[in-house]
Structure formats: C-alpha cells, structure tokens
Amino acid sequence: TAVVAGSINPEPIKMSGSISVAAAGDPAANRPFSLKTQRRANGAEPLARFGEAKKVLGDIYAEVNTYVDELNGFYEDLSTDSNPSAVVKVSDEQRKGLLDLSASIRIIRETFQRDHMKVVFFGRTSNGKSTTINAMLHDKVLPQGMGHTTCCFLQVEGCSDAEGWLQRDDLEEKLPLSDLRSYGNALGDDDRELPSAGGYNTTLRVFHPRTSPDGHVNRLLQNDVVIVDSPGVDVSPEFDSWIDAHCLDADVFVLVSNSESTLTNAEKQFFHRVSQRLSKPNIFVLNNRWDASASDGQDTANMVRKQHEQRLKEFLVDELHVCTEREVKERIYFVSSREMLEARLKELGKQERAFQQEYYKERRVEFEKFERVFEQCISRSAIHTKMEAHNRRAIEIVNKMRENCDAVQLAMGDQKRDRLLSMEESSSAFTRCREEFGRFEQACRLQTERLRAEVHVKVSADIAEEIQRLSVIMDKFERAFVDEPVDIKEFKRELAKFVDEYLTSDLEARCTGGLMTRIWNIENSMFQCVKTLLPDEYQPKLEEVWRYRAPFKFQICINVPQLVNDFHEDLEFRFTLGLSAIIRRIVAYRMGQPVTAIRGNLLSFKKNVEAQAAEGGTGDAEAAMMSQMVLTSATYLANGGVGLGLVGLVVYRAIGWKVLASVGAVYGGLYAYERLRWNNSAKEQHLKEQFRAHLATKMQNVAAAHTSHCETQAARDLEQVYEGLRATVGGVHRDMKEKVDDQKKAIEGVDKTLKGLGAIKGKTAFVLSSLEKFATDYLRSDSPTS
C-alpha cells in the first residue's frame, strides 16, 4: 500500500482505486462543501481535477451560449421582417458573425463530451505493455502473454453498464468482451477475422465497466482516462500513420521497455517522430521485468539500474529535449508489472497465489510512485492541452459579442436619421408607381390583341404549307412494304407515327421560330416599362421574375394517328376510268369525306348510309337519298345486260363503229397499262397517295382549331408575364406602404434597443470574470495542484 500525494485522509489509500467515504462523525463532514474538498475526501485527486475543470468550463460555455442565443433573438427583433417597429436593422455581416459564434460554441460543447485524458503505451513486442495496463486497471482486461499478443490498437474506456463490450472502428455493432481474445489477440484462433487484416493501424475499442460487480471502482476509468495499447513498434514501420491516428491527442506516452536489454533504435525512432509532431510530449519510461534482477544480486542490479538511467536520461534530456535533468528522475521507473498485477488480483480475491521475487516491496513502491506521478502529469497535461484553448476561445467569443453590440449601437443613430429622410421619398414614389402602372395595363391589353392577329396569319400559313409538303414528308418514310393484311396495318401505323412526329416538330419549329422574337420583344418591352416604374431598391425583385423565365415555344399536337383512324386503303386494282372508281369518288364528294373513308364494299356502305339517315335530320336524309340513287343506277348499269346493250346500240348509231372501236381500243389500252403496272411498288405509292389525300383533307378541317389554340398559347404567355409583373409590382406596393409605416414606428424603439444591448454587455462582463477565475484556478502555474 502507498499514500496518494496530496490526500488529507490519515488512513493509507490503497491503489485499488476504491473511492472512500467519510466516516460518520468526521469533522471534515461539517466543513463547507466544495469540489476540491470532495476530491480530497474520496481520494480521487488528481484525476478528478480534470473532470472538475471540464464541468466548470462546460458550465461557462453553456452560459455563453445562452447569452449568444439571447443576443441573436434580440437581433431577430431588430430586423424589419420580424419587428417593423425596431429602429436598427442589423447587417447581414453582423448576424452571420453571431451565427458563426453560435456554431463554434456548439462544436466546442460537443468536443467537451468527447474530451478525456489519454495515455498511449508503446514499446517492443512482449515488453509487457498489456500486463502493465492490466496492473493499473487491477484486472486482466487485455490479452497478455508471451510472443506477439496485441494485433491492433486496443483502446480501453470506461462505461456505466454492468457488463462491458467491444466495438471495432469499422462496425457499429457491439461485441461481447469474451471476443476480445479473438479480435485483439494475435494468438487467437480466428486470425482471419481480425480487424488488423487491413493493417496494424486499426482500433478495437474496449468498454470496461467503471465499477465491477463486487463494488470495486476503477479510478482511472472512473475519471475519463482512456488507455491505448499498441501492437509493438517492431511489428510495423508505419510510425507516421500511427502517430497521426492515435497520438496527436495523447496527453502522456508510456514507453514500456525490457530491463533485461537496452533501449532499441526502433523505440527511439518512434519517439523522435512523436517529438516532431508534438511540442514536448510527456513521456514515462517503465523498465519492466525488473524482478529478473533479483537473481543477480543487489550490487549488480544497482549497476544495471544506473546504466539504464544514464542512457534513458541522455535519450529524454539530450536527444528528445522533453524534460530537464531534475524532471527526468520522475520519468524513469523500474518495475515488474506481472508481480504488481498478480498481487492486486490476490488482494481482490481473484487469484489465490501471486508471483513475487526478492525485493518485491521496493518494486511495488516504485510502481505505485509511478502511478501517482503519472496521474498528476496526465491530469495537469490534459487540463492545459484541452482546456486552455477552450478558455482562450471563450474569451475571444465574448469579446466578439461585445464588439458586435458596439457596432449595432453606433449604427442606431445613422439608421434613424436615414429612415426619416427616406419616408417622404417612399411615399411619393408609391403614388407615382401606382398611377403609371394603370396606364401600363391598358397598353398590355392592346398589345395582346395585335399579337393574336399576327399568330393567326403565321400559323395558318405554316399549316397550309405543311399540307402541301405531305408528299415530301412521306417519301422520307423508308419501311419496306409487304402486301399482307398484318404488314399493311403495321405499315400504316408506323407511317402515321412518323408523319405525326415530323409534322409536330416541324410546325413547332416553324411557328415558334417565326414568332419567338416578336413575342420576346413584346415581353421584354413590358419588363422594361415596369422596370422604369419601380425605384432602384425594388428592381432586384423584378429581376428575379424575369431571370428564370423559360423562352416561349408553341405546343402543337397534330395527332395524325387520330386523324387517320377512319382511313381505309383500297389496294384492289381499280381502273381509274372504271365505273366503281367513279362511283366511289362521287359518293365521297357528296358526303364531304375523303374517298379513303369509303370502304370497298358498297353494300356495307349502303347500310351505314341508311343508319346515318335514320339518326340524322333532313339534310342527312337528302344526302342518303342521293347516295342511294347513285348506287342504284350504278348497280343497274353494271349488272343489267339489257341496259348495257341499249346504251351500246344508241352510241353505235350515233358515232359509228370505227369511232366506237377506237374509243374501246384506247380504253382497253389504258386498262392494260394500269393493270400491268399494278405491283407492290405501285401499291405502296398508291397507299401513300391515298394516305396523303386523306390526311390533307383532315388537316384542313382542323387547321382552324390549331390556329386558335396557338393564338391562345401566345396570349396566355403574355398574360403570364403580365400577371408575374403585376404580382411583383403589387408586392412592391405593399412593401413600400409597409416600409413607410415601419419607419414611423421605428424611432420609438431606440431607447428600448439601447437598454437591451446594455444588459447583454453587462452579462458578458460577468462571463469574462468567470473565465479569468477559471484560468487562475486551473491553468496558471500558481494554480492549486494535487
């Protein structure tokens, strides 16, 4: 047992880490309570000093954050958007600066939650690093033994749970502590599953209970000490990556060397790298396995010890320059971690026998001395490295808050005078803008009517021209023609789709290209006219409306497949001067439909005509009667042999047989010529010509509707521009009116603003005094230490 330095408890405090409680009737219990008195009473000094400083500075930051939020809310009230009666409109730069301060405080407070005292153990393989850590933790937490046992960085932290757990740096799931030998021990059976498969630079976090089930409280883990065990400096040359990943935030380094051998170049090289990155790191050297000197005799052991001390002194003082000759005495220790661990396990009842060699008590006293000095060093170092910057940053934040308040106060007088002058200007500008916008509305209506007329002429001409170009368009369709019903149906479908896409894109491009410039000029003139109406301060709002406006484009949908849904091709050979072809043309003309809308079967068409006549009125009945007469006459002429003979006889007597024969020969020749040319190519051309004629008729019928639709689109586009401009101007009018009202009320808030800013500045002065007291108590060289 050993007595902790600085403790006022007359009873010796065991290094087991248990927290003692003042006995009943103790006079110390009647003294005024303080954190310092509590630390001395429970024997937790000096480690508890870090937690105390962390709490005090954390409370100060919480207070600063409250004042920053209060000042930010005060600025919100001063903005014209939330409080029109305020005099001062805080600049965006000042408000952004305050938000940056709030963000800095939030980040620092989050950092507080992660701040801890960190010690990193380094040394060659099998020097006893893990055993030393276990001895300091009073338990076999980390795997230990002969050979290369630690395969990655093991970081031991305290947890409040009854049972600890493991956590790999590449996974979020919790692993049981029983898997520590498999994951963190290089001698484990599951070596392929080790986190070090990607290198020794990985970390396995070990969360160990701060209080064991038997009530033993671990002092190191209870006071936010994080212990890092390394794989060994001789297993990998990646010192730089090790230092960057694990050492930059370390407060103390413990080099565990083998007292049976001298300090190696690998160990020296590592700490040379550390000293290059950190300013004067705190380094302790434990010459472990000093129990081996017991067999050599006391004189030999003393000579070996002096030799080690001299070489380590040259290394720490002359080479690394991390301590002075007076300080180096408290940085070098000769211990046996195995003896210390087994002795403590025996005291806790976890082991029956403990390994002990001669002069064990001297080695134990030295180990406990190392622990006391280590605790003082890590507490002092952690407070300075982690709290000093936070304290300095808090002072900067408070000073920036005061500067921010001063800037707002200076701006109050100027802004008050400027608002009085601008109130009269705003009122006259509002009246002028409203009157001129009324004249602008009348001009817009006249311009819209003119544009509709221009669109009507242009679109009508473009549609008529496209109808004339239907043959050219269909000639570009290159699908192979096959004289089969299924193929013909697919041919017509694709032809209709091709023509529809071509017509739609061509018409949209022609109509838009011809009128887009005109429409843009009109809209731009509207924008420029309104722009001249508004004061300069409101023109950015108008720019936003105009900047993101898409260019105008006509939307024209011809829908060719719908127009030709009643198209019925006639690919049967029909002589142009044949009776059937003539009758079909007559019927189509009388019905006002394309000839391709008449089916080839006239008898079925007759039934359709009768049905239409039954459903329609007088006009439909008259058309049906005419069609019926033509069909009846054609039937008699085609099928009545007597009638044909009579007609032939009359013609023969009137013109003679020679003329009749010549006419017959010409008629027959024309028939033979057309019959011989009737092949697939002719059928394809015949189909396309029928399709073109049918589509041309349909497009002429719907041309007026498309023209009207385009007129509506152009007018609607102008209307949208007008509505956007009107909405913007209306918003500007409201803003101008509200601005005048706000400026009238703003002067009344001057005294209230000054009073509020003065109160906040007084609070910041109190915070500065708290920060100064914190520096006196914890950071200065004359502050109380353990």
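See the structure above.
Residues numbered from 1 in each chain as written. Predicted model: local features only at pLDDT ≥ 70, side-chain atom pairs only at ≥ 80, totals over all residues. Heavy atoms only, no water.

## A short note on the packing of aromatic side chains
Threshold: Aromatic rings from Phe, Tyr and Trp, with only the six-membered ring used for Trp, were paired whenever their centres fell within 6.5 Å, and each pair was classed as stacked if the ring planes differed by under 30 degrees, edge-to-face if by over 60, and tilted otherwise. The secondary structure listing takes helices from DSSP runs of H or I that are at least 4 residues long and strands from runs of E that are at least 2 residues long, numbered from the N terminus. Think of it in three bands: residues with accessible area under 20% of the maximum for their type are buried, residues over 50% are exposed, and the middle band is partly exposed, with areas taken using a 1.4 Å probe on protein chains only. In our convention, an over-ring charge means Lys NZ or Arg CZ found within 6 Å of a ring centre and within 35 degrees of that ring's normal.
Under the counting rule described, the total for this entry stands at 17 aromatic pairs. Ring geometry for phenylalanine 437 versus phenylalanine 440: centroids 5.5 Å apart, planes at 35°, classification tilted. One end of the pair, phenylalanine 437, and the other, phenylalanine 440, are both in helix α11 (residues 360–468), 3 residues apart, so they sit about a helical turn from each other. Overall, the relative accessible area of 6% leaves phenylalanine 437 in the buried class. According to the relative accessible area criterion, phenylalanine 440 is buried, its value standing at 5%. Directly above the ring of tryptophan 165 sits lysine 174, whose terminal nitrogen or CZ lies 4.0 Å from the centroid.

## With respect to the state of the cysteines
Applied cut-off: Cysteine sulfur atoms are paired as a disulfide whenever they come within 2.5 Å of each other.
Evaluation of the coordinates by the stated rule reveals 0 disulfides. Cysteine cysteine 529 shares no disulfide, and the gap to the nearest cysteine sulfur, in cysteine 444, comes to 7.4 Å. For cysteine 529, a relative accessible area of 31% gives the class partly exposed.

## Concerning the environment of aspartate 291
How we decide: When checking whether two residues touch, look at their non-hydrogen atoms; a contact exists if any pair is within 4.5 Å.
Among the structural elements, aspartate 291 can be located in the loop between β8 (283–288) and α9 (298–319). Measuring from C-alpha to C-alpha, the distance between aspartate 291 and valine 335 comes to 7.3 Å, with 44 residues separating the pair along the chain. Once you skip the residues sitting within four places of it in the chain, aspartate 291 turns out to touch Ser336, Glu339, Phe355, Gln357 and Arg363.

## A look at the packing of helix α4 (residues 129–137) against helix α10 (residues 337–347)
How we decide: Lines fitted to C-alpha atoms define the axes here, with helix axes fitted over just the stretch in contact, and angles between the N-to-C directions of these axes take values from 0 to 180 degrees. Crossing chirality is assigned from the near helix's rotation relative to the far helix, an anticlockwise turn below a right angle marking it left-handed and a clockwise turn marking it right-handed. Polar here means any residue outside two lists: the nonpolar Ala, Val, Leu, Ile, Met, Phe, Trp, Tyr, Cys and Pro, and the charged Asp, Glu, Lys and Arg; Gly therefore counts as polar.
Packing of α4 against α10 leaves a shortest axis separation of 8 Å and a crossing angle of 35°. For the crossing formed where α4 meets α10, the hand is left-handed. Within the contact between the two elements, α4 uses Thr131, Thr132, Asn134, Ala135 and Met136 and α10 uses Ser337, Arg338, Met340, Leu341 and Arg344. Here the contact of α4 with α10 is composed, by residue class, of 4 nonpolar, 4 polar and 2 charged.

## Some words on α4
Burial of α4 is extensive: 9 of the 9 residues sit out of reach of the surface. Those residues of α4 that fall on the buried side of the exposure criterion are Lys129, Ser130, Thr131, Thr132, Ile133, Asn134, Ala135, Met136 and Leu137.

## So, the packing of helix α2 (residues 47–78) against helix α22 (residues 750–779)
For the record, the criterion: Throughout, the term roughly parallel applies to angles under 35 degrees, roughly antiparallel to angles over 145, roughly perpendicular to angles from 65 to 115, and oblique to all others.
The N-to-C vectors of α2 and α22 enclose an angle of 165°; their axes lie 11 Å apart at closest approach. By the criterion of interaxial angle, the relationship of α2 to α22 is roughly antiparallel. Between α2 and α22 lies a crossing of left-handed hand. Class assignment for the residues of the contact of α2 with α22 results in 17 nonpolar, 3 polar and 7 charged.

## Here's the deal with the pattern of salt bridges
Applicable threshold: Each reported salt bridge corresponds to a side-chain nitrogen of Lys or Arg within 4 Å of a carboxyl oxygen of Asp or Glu.
In total, this model carries 32 salt bridges according to the counting rule given. Residue arginine 205 pairs with glutamate 157 through a salt bridge whose shortest N-O separation is 2.8 Å. You can see arginine 205 sitting in strand β5 (residues 203–209) and its partner glutamate 157 sitting in strand β2 (residues 153–159), a full 48 residues away along the chain. Residue classification places arginine 205 among the partly exposed positions, given a relative accessible area of 30%. Since its relative accessible area comes to 11%, glutamate 157 is described here as buried. Among the ionic pairs, arginine 469 bridges to aspartate 506, the shortest N-O distance being 3.0 Å. Here the residue arginine 469 occupies a position in the loop between α11 and α12 (470–475), and aspartate 506 occupies one in helix α13 (residues 485–533), the gap between them amounting to 37 residues. The exposure class of arginine 469 is partly exposed, given its relative accessible area of 22%. With a relative accessible area of 18%, aspartate 506 lands in the buried category. One salt-bridge network, held together by shared partners, links Arg305, Glu309 and Glu366.

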